[in-house]
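A look at the structure
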Amino acid sequence: MKTFLIIVLGIGGLYLLAFYVWPWAFSLYLRCLSERNLEAYFIKLYRRYKDRPRDFNDNEVCNIHKIAQTSCEVWNEAKEAAQQELTQEKDVHLLEDIRRDIVYCSQKFEFWCGARDTLQQEIKRREYFNSFRN
């Protein structure tokens, strides 16, 4: 009886660790990352999705789509702020830095908008094929 109880408690502990402690610790880890590292993580996640889209369920694809949409908005705002700063700046050295920032923000904006559009098409495709199951 003691052995059975130890086995049940061990399985329960593993279940608790795998489905409660690990996701909580991982979400805490993501919250502690800097913005740059967090975006790098999401870029890797999106590229992993592009390599193997069938490994992601519908909910995960929707979550990645929300991230892409938010990132697209953030980089668009950053690009617009840099363009506005470009019109107000007079120093030649700072103008070149601002132009580089605009190019960088434009690249990020295009990447995330492309990701958003790709994910939106995937969501629509999945909804279409899931409609046949009903």
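None of the values given here were measured: they were computed from a predicted structure. (Residues numbered from 1 in each chain as written. Predicted model: local features only at pLDDT ≥ 70, side-chain atom pairs only at ≥ 80, totals over all residues. Heavy atoms only, no water.)

1. Focus: the packing of aromatic side chains
Inspection of every chain in the model, using the stated rule, returns 14 aromatic pairs. Judged by centre distance (5.7 Å) and plane angle (75°), the rings of Tyr 49 and Phe 56 are edge-to-face. Look at Tyr 49 and you get buried, because its relative accessible area is 3%. An aromatic cluster of at least three residues, connected via ring pairs, comprises Trp 22, Phe 26, Tyr 29, Tyr 41 and Phe 42. (Phe/Tyr/Trp six-rings, centres within 6.5 Å; stacked < 30°, edge-to-face > 60°. Buried < 20%, exposed > 50% of the residue type's maximum accessible area, 1.4 Å probe, protein only.)

2. Comments concerning the confidence of the model for the protein
Summing up the model confidence of the protein, the mean pLDDT is 91 and the portion of residues at 70 or higher is 99%. For the protein, the element scoring lowest by mean pLDDT is helix 1 (residues 2–32), at 87; helix 3 (residues 58–88) scores highest, at 94. (pLDDT = per-residue confidence, 0-100. Helix = DSSP H or I, 4+ residues; strand = E, 2+ residues; numbered from the N terminus.)

3. Digging into the environment of Ile 102
Tracing the chain through its elements places Ile 102 in helix 4 (residues 92–131). The class of Ile 102 is buried, set by a relative accessible area of 13%. Between the C-alpha atom of Ile 102 and that of Ser 71, which follows or precedes it by 31 residues, the distance is 16 Å. When near neighbours in sequence (up to four residues on either side) are disregarded, Ile 102 contacts Lys 79, Ala 82, Gln 83 and Leu 86. (Contact = heavy atoms within 4.5 Å.)

4. Thoughts on the layout of surface pockets
Taken as a whole, the largest pocket spans an internal volume of roughly 380 Å³. Lining the largest pocket are 15 residues, and of these Glu 35, Arg 36, Glu 39, Ser 71 and Trp 75 sit closest to its centre. Going through the elements one at a time, helix 2 (35–51), helix 3 and helix 4 are the ones with two or more residues in the lining of the largest pocket. If you tally residues by element for the lining of the largest pocket, the top one is helix 2, at seven residues. Partitioning the lining of the largest pocket into residue classes produces nine nonpolar, two polar and four charged. (1 Å grid on protein atoms, 1.4 Å probe; cavity = no way out; pocket = protein on both sides within 12 Å on 5 of 7 lines; lining within 4 Å. Points joined across faces, edges and corners; volume = space filled by probe spheres on them. Nonpolar A, V, L, I, M, F, W, Y, C, P; charged D, E, K, R; others polar.)

5. With respect to a nonpolar patch on the surface
On the surface, Leu 14, Tyr 15, Leu 16, Leu 17, Phe 19, Tyr 20 and Val 21 cluster together into a nonpolar patch covering about 750 Å² of accessible area. Relative to the helices and strands, Tyr 15 resides in helix 1. (Patch = residues over 30% accessible without salt bridge, like charges linked within 9 Å, V, L, I, M, F, W, Y side chains within 5 Å. Areas by Shrake-Rupley, 256 points an atom, 1.4 Å probe, with all protein chains shown as cover. Salt bridge = Lys/Arg side-chain N within 4 Å of Asp/Glu carboxyl O.)

6. Some words on the packing of helix 2 against helix 3
Helix packing for two helices is described by the angle between their axes and how far apart those axes are. In the contact formed by helix 2 and helix 3, the axes pass within 11 Å of each other and the chain directions differ by 130°. Comparing their axes, helix 3 and helix 2 come out oblique. Considering the relative orientation of helix 2 and helix 3, their crossing is left-handed. On the side of helix 2, the interface is formed by Glu 39, Phe 42, Leu 45, Tyr 46 and Tyr 49, while helix 3 contributes Val 61, Ile 64, Ile 67 and Trp 75. Of the residues that constitute the contact of helix 2 with helix 3, the class distribution is eight nonpolar, no polar and one charged. (Axes fitted to C-alpha atoms, helices over the stretch in contact; angles between N-to-C directions. Parallel < 35°, antiparallel > 145°, perpendicular 65-115°, else oblique. Left-handed = near helix turned anticlockwise from the far one by under 90°.)

7. Comments concerning the nonpolar core
Most often, soluble globular proteins have nonpolar side chains that are buried together. Within the largest apolar cluster, 17 residues are counted, with the highest numbers of intra-cluster contacts made by Tyr 46, Tyr 49, Phe 56, Val 61, Ile 64, Trp 112 and Leu 119. Taken together, the elements giving at least two residues each to this core come down to helix 2, helix 3 and helix 4. At six residues, the largest contribution of residues to this core is made by helix 4. Once you skip the residues sitting within four places of it in the chain, Leu 119 turns out to touch Tyr 46, Tyr 49, Val 61, Ile 64, His 65 and Ala 68. (Core = buried A, V, L, I, M, F, W, Y, C linked by side-chain atoms within 4.5 Å.)

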